[in-house]
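# Remarks on the overall topology
Read off the chains here:
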Amino acid sequence: MSVRVRFAPSPTGKLHLGNVRTAIFNYLYSKNKKGTFILRLEDTDAVRSTDESIEGLIKDLKWLQIEWDEGPIIGGDYGPYRQTERYDIYQNHLKKLLEEDKAYPCYCSSQALDKLREEARAKGVNFIYPGTCRRLTEKERKEREASGVKPSYRLKVSPHIVSFKDLIRGDVSIHTNLFGDFIIVRQDLSPTYNFAVVIDDSLMKVTDVLRGEDHLSNTPKQILLYEAFGYEKPNFGHFSMILGPDNAKLSKRHGDVSVEAFRERGFIPEGLFNALALLGWSDPEEREILKKDELIERFSLERVNKSAAIFDENKFRYINKQHILCLPLKDFANMIKPYFVKEGLVNESFSDEEEEWFLKVAEIVQKRISLLTEAVEQAKVIFEFEPSLLNDEIKAVLQEEDCLKVILSYALKAEKRDLTTRENYISLVNEIKNETKIKGKNLYHPLRICVSSSMSGPDLDQLVPTIEIGSKLNLPVKIESTSQRAWRYIQFLREQGYKI
RNA sequence: GGCCCGUUCGUUCAGCGGUUAGGACGCCGGCCUCUCACGCCGGUAACACGGGUUCGAGUCCCGUACGGGCUACCA
């Protein structure tokens, strides 16, 4: 039989790393098995569910390229895929259980229940519903009904141990005394989580229920429900939690851990997807940088780890960097462009020349960043030049006797040259080298300083032509050519009392 | 409190009865180089503890400790 899995988030906020990792595992598992990946919205919590969350959720999944085969927007044969649109189905199921005497109405007020709960806690024992309404006679039931009390509905649960084989954790056994007769339908006739999940998973023919460990103790309740309905049980598998640095379940307390936040921080979909997949799963050959198709091909539940994992920022950045490196230059350029537009450094729409030039900028930046948001910072040297930024390192270079000679020579020669190609730049440097007999660090350090006012940055033979081409373009912020920069540097040095 | 699950370098993932306990990130050192970065080479560092089982245990069993999850008319 073909595998069918689902990702069933409740749209009560932003999609966060823990949830999306569950989505990724489900997705990888289903695609590996050539099965079906279903998206279902568990929006029965009327108070907390919002349309905004649904939109965000869909946007995030699409961004990560986790596409669903059945679900909202695209539909499918087992819809609807929003629980709030399935209430009649739940009502029918409740009716059936009532008729078969497997469930019963409970008229106890929540206040009374709260009191019992408190008492149980005071005595240090686990609270379970005492079954008051289970033993009501038909007459008593009628009386309560007549008095206008709206009941909730509970499942009849007998005391016994429920066991199941978890796909990830192996044999798990839990005693039903842990929860007793639990509520399946609320007073307002809305289904509770466990009730709706079982009905939906059955009707949607889900074969494997794969979710977070926080649902492990719900599983016996759900098994009881499958048995009550006479439905075939799916396989269950529970992934370990993702923890924050303090060892607690990853949450808002650890900063914004939403997918949206990671997107805004400059992660690319391939990188985040890969990093998340590696949190709790490992490749048989211990490869770490994997594309989506490779992950699909290599994924298996056998290699999913049982123990919780602490989210590690460093590793995520590293993996993201590797994927940035894999990006075709054109795609990468398109990804970083918005950041430059936002800073007012380039125009929103490019001329052909600008386009070609920006590709060079992108090339310089690509191997120097881990996050897209770092692109502008790394390219700053192309756009800005500030002679007055003297640090100790630069001052030390300026003390060298030959330094000023190199700078002056460059300024003189550069203003008459076309330095828009690497070849032209190199031949000019060679000229300086031959005429002044200065070479190595003594040559390159002054050159770097007078064109970039910095001691570090991209290779000069790449940087200088890019600056030169940029200086000839009609950009929002005019780029100063390297000869202008050199002259301005000389000017500055003279003001500082250097003899040049 | 009760129940369930987990525990290998700082972090992450290998290991599925016999290994010098391996890879990756981070960190440190070196090489490359005009600097930084990239890349390459090397180093650092772990089987929570105590009992068993076994010729032999990180690997199997039982305790203890620690961590996490659940304990709702939330999902």
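All of the points below concern the structure found in this document. This is a predicted model, so every value here is computed, not measured. (Residues numbered from 1 in each chain as written. Chains lettered and ligands numbered in written order. Predicted model: local features only at pLDDT ≥ 70, side-chain atom pairs only at ≥ 80, totals over all residues. Heavy atoms only, no water.)

Now for the pairing of strand β5 (residues 161–166). Alternating residues of β5 divide into Val162, Phe164 and Asp166, all buried, and Ile161, Ser163 and Lys165, none buried. As defined by bridge partners, β5 adjoins strand β6 (residues 170–175) across six bridges and the pair is classed as antiparallel. When the sheet's bridge partners are listed, Ile161 is paired in β6 with His175. Hairpin connection, β5 to β6: the antiparallel pair is bridged by three residues. (Buried < 20%, exposed > 50% of the residue type's maximum accessible area, 1.4 Å probe, protein only. Helix = DSSP H or I, 4+ residues; strand = E, 2+ residues; numbered from the N terminus. Pairing = 2+ DSSP bridges.)

We now examine the pattern of salt bridges. Considering all chains together, one arrives at 37 salt bridges under this definition. The salt bridge partner of Lys102 is Glu100, with a shortest N-O separation of 3.0 Å. Residue classification places Lys102 among the partly exposed residues on the basis of a relative accessible area of 30%. Ionic pairing is found between Lys249 and Asp214, a salt bridge with its closest N-O pair at 3.5 Å. Placement of the pair is Lys249 in the loop between β10 (242–243) and α8 (259–264) and Asp214 in the loop between β8 (208–212) and α7 (219–229), with a sequence separation of 35 residues. (Salt bridge = Lys/Arg side-chain N within 4 Å of Asp/Glu carboxyl O.)

In contact at an axis separation of 9 Å, helix α1 (residues 17–32) and helix α9 (residues 269–277) are set at 85° when each is read in the N-to-C sense. The orientation of α1 relative to α9 falls into the category roughly perpendicular. Mapping the contact onto sequence places Leu17, Val20, Arg21, Ile24, Phe25, Tyr27 and Leu28 in α1 and Phe273, Leu276 and Ala277 in α9. Here the contact of α1 with α9 is composed, by residue class, of nine nonpolar, no polar and one charged. (Axes fitted to C-alpha atoms, helices over the stretch in contact; angles between N-to-C directions. Parallel < 35°, antiparallel > 145°, perpendicular 65-115°, else oblique. Contact = heavy atoms within 4.5 Å. Nonpolar A, V, L, I, M, F, W, Y, C, P; charged D, E, K, R; others polar.)

Keep in mind that these numbers describe shape and distance, not what the molecule does.
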